[in-house]
Structures are given as C-alpha cells and as structure tokens.
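# What the coordinates show
Chain residues, written in single-letter form:
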Amino acid sequence: YFFLFSGDDGRDIIFKEPVENKAMKNHVIRSEKVPNEGSCRVLCYLEPDCVSINLGPSVDGKHKCELNNVTDQNQFVTSLADEPSVIFLAIEVIYTY
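Notes on the structure in this doc start here. (Residues numbered from 1 in each chain as written. Predicted model: local features only at pLDDT ≥ 70, side-chain atom pairs only at ≥ 80, totals over all residues. Heavy atoms only, no water.)

Attention now goes to the nonpolar core. Ranked by size, the top nonpolar core spans 14 residues in total, and within it F15, V34, C40, C44, I53, C65 and L67 carry the most contacts. Of all the secondary-structure elements, those providing two or more residues to this core are β2 (11-15), α1 (37-46), β5 (52-55), β6 (63-68) and β7 (80-95). With 4 residues, the single largest contributor to this core is α1. Counting 5 residues, the second largest nonpolar core, distinct from the first, contains V70, L80, F88 and A90. (Core = buried A, V, L, I, M, F, W, Y, C linked by side-chain atoms within 4.5 Å. Buried < 20%, exposed > 50% of the residue type's maximum accessible area, 1.4 Å probe, protein only. Helix = DSSP H or I, 4+ residues; strand = E, 2+ residues; numbered from the N terminus.)

Here you go:
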C-alpha cells in the first residue's frame, strides 16, 4: 500500500508499509476520530509536522487517528511500542520544488 499525496507546497508524501500491532508513543501532535485509514492519511498530509500515524481499530464505525511528529527512524525507534490492533504508518517526504 503506497499512496502518494501531492500538494501546492512542493511536498509529496508516500506512506511506507504498515506495521501492525505497533504505535509511536509520546510524539502525538493531534488525535482525531476518522471513518477510515484513508481519512487519517489525508489528515497527516494536511499537517506539515506529521511524519507518521497510529491508526486504531474501528469502534462504532470510527478509528482513532493519531498524527505523530516523529517516525520510526534513528533514535525514535525506541518510541515504537507494542499496541494490539493498532497500525503504525511512517511517511517519506519528497520535496518537488
């Protein structure tokens, strides 16, 4: 699952492979209830500081979408914790300007 979002700000993002049963801890910058994974991905794209998301399981038709300001790279890999039924998705940013 690779999705490319392109915008007028010269920033394109590609979501990397989902990591099941993991969540980034202590780096959430925004949390919303969304109807599906695609909506969470769009929220991340619209938030310039978002570089990864945690997507919770569906409860009453809504998923918990957490936008994170760090990814699973470098020193932050220790913040990636076991979290049953949650999917972690990191992004890769490509600047096209």
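What α1 keeps buried is the set C40, R41, L43, C44 and Y45. At the N-terminal boundary of α1, the capping side chain belongs to N36, with an oxygen 3.2 Å from the backbone nitrogen of G38. (Polar contact = N/O pair within 3.5 Å; in protein donor to acceptor, adjacent residues only side chain to side chain.)

Another aspect to go through is the state of the cysteines. Formally, a disulfide is one covalent bond, and it connects the sulfur atom of one cysteine to the sulfur atom of another. Evaluated as defined, the whole model comprises 2 disulfides. The disulfide that involves C40 links it to C65, with 2.0 Å between the sulfurs. Note on the C40 and C65 pair: the S-S dihedral is about 80°, so by sign convention the disulfide is right-handed. Here C65 lies in strand β6 and C40 lies in helix α1, a separation of 25 residues in the sequence. What makes C65 buried here is its relative accessible area of 1%. At a sulfur-sulfur separation of 2.1 Å, the disulfide partner of C44 is C50. (Disulfide = S-S within 2.5 Å.)

With that settled, the discussion passes to the packing of aromatic side chains. Counted by the stated rule, this structure contains 0 aromatic pairs. Lying across the ring of F15, R41 places its NZ or CZ 4.7 Å from the centre. (Phe/Tyr/Trp six-rings, centres within 6.5 Å; stacked < 30°, edge-to-face > 60°. Lys NZ or Arg CZ within 6 Å of the ring centre and 35° of its normal.)

Let's shift gears to unusual backbone geometry. If you check the backbone angles, N21 has positive phi at about 60° while not being a glycine. Among the secondary structure elements, N21 is positioned in strand β3 (residues 19-24). Here N21 falls in the partly exposed class, since its relative accessible area comes to 39%.

Right, let's talk about the pattern of salt bridges for a bit. Counted under the stated rule, the structure contains 5 salt bridges. As a salt-bridge pair, E32 and R30 come within 3.0 Å of each other at their nearest N and O atoms. Residue classification places R30 among the partly exposed residues on the basis of a relative accessible area of 30%. Of the charged contacts, one joins R41 and E37 as a salt bridge, the two residues approaching to 2.5 Å between their closest N and O atoms. Taken as a pair, R41 and E37 lie in helix α1 at a separation of 4 residues, close to a single helical turn. (Salt bridge = Lys/Arg side-chain N within 4 Å of Asp/Glu carboxyl O.)

Limitation: the analysis is restricted to geometry and does not speak to function.
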